[in-house]
Amino acid sequence: MRMITVAAIAALAMTAAACSKPAEKAADATAASQDAAASAAAASTAATQATDASQAAMATGAPADAAAAGDAAKTAGSEAEKAGDAAKKAGDKAEAATDAAAKH
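Computed from a predicted structure; not experimentally measured. (Residues numbered from 1 in each chain as written. Predicted model: local features only at pLDDT ≥ 70, side-chain atom pairs only at ≥ 80, totals over all residues. Heavy atoms only, no water.)

K.L.:
Explain the environment of Ala43 here, please?
P.N.:
Looking at where Ala43 falls in the secondary structure, it is placed in helix 1 (residues 2-60). Residue Ala43 is classed as buried on the basis of its relative accessible area of 12%. Sequence separation between Ala43 and Ala76 is 33 residues; the distance between their C-alpha atoms is 5.9 Å. Other than its neighbours up to four places away in sequence, Ala43 contacts Glu79, Ala80 and Ala83. (Helix = DSSP H or I, 4+ residues; strand = E, 2+ residues; numbered from the N terminus. Buried < 20%, exposed > 50% of the residue type's maximum accessible area, 1.4 Å probe, protein only. Contact = heavy atoms within 4.5 Å.)

As structure tokens, this is what we get:
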């Protein structure tokens, strides 16, 4: 009798763990999506700053402005790469959440 009770409790615990896995994966996917959105916003801001710096460099023709525009473009490229990586991570987590939900 005791073994049956222990087995039943273990089965219930395993069932509860299986049910929570898709929810955890969905929460991970949501967090990754929010991170990707924040990265995309940072990339957009950096691109705007690079555009502004380029326009200033064209208007003045000053070497310092041209260097600043180059630096701003480099920063924008870096931010865009981070945003792309974050978007891929979010996509991977969303796929994992979908797989977990389908298995459930």
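K.L.:
Teacher, can you tell me more about the pattern of salt bridges here?
P.N.:
Oppositely charged side chains can form a pair if their charged atoms are brought close together. In this structure the tally under the stated criterion is two salt bridges. Residue Asp92 pairs with Lys88 through a salt bridge whose shortest N-O separation is 3.0 Å. In this pair, Asp92 and Lys88 both sit in helix 2 (residues 63-103), four residues apart, roughly one turn of the helix. Asp92 gets classed as partly exposed once you look at its relative accessible area, which sits at 38%. (Salt bridge = Lys/Arg side-chain N within 4 Å of Asp/Glu carboxyl O.)

K.L.:
Explanation requested: helix 2 in the structure shown.
P.N.:
For an α-helix the count is 3.6 residues per turn, leaving residues at separations of three or four pointing the same way. The first and last C-alpha atoms of helix 2 sit 60 Å apart over 41 residues, in line with the 60 Å expected at 1.5 Å per residue. When we look at burial in helix 2, the residues that qualify are Ala69, Ala72, Ala76, Glu79, Ala83, Ala86, Ala90, Ala97 and Ala100. (Expected span 1.5 Å × (residues − 1).)

K.L.:
Help me out: how do you make sense of the environment of Ala26 in this one?
P.N.:
Relative to the assigned elements, Ala26 resides in helix 1. Judged by its relative accessible area of 35%, Ala26 falls in the partly exposed class. For the pair Ala26 and Ala94, spaced 68 residues apart in sequence, the C-alpha separation works out to 7.0 Å.

K.L.:
Could you clarify how one ought to interpret the environment of Ala76 in this entry?
P.N.:
By the element assignment, Ala76 lies in helix 2. The class for Ala76 is buried, based on a relative accessible area of 12%. Put simply, Ala76 and Ala47 are 29 residues apart on the chain and 5.0 Å apart in space, counted from C-alpha to C-alpha. Those residues in contact with Ala76, other than ones at most four positions away along the chain, are Ala46, Ala47 and Ala50.

So, to be careful, I would describe these as geometric facts and stop short of saying anything about function.
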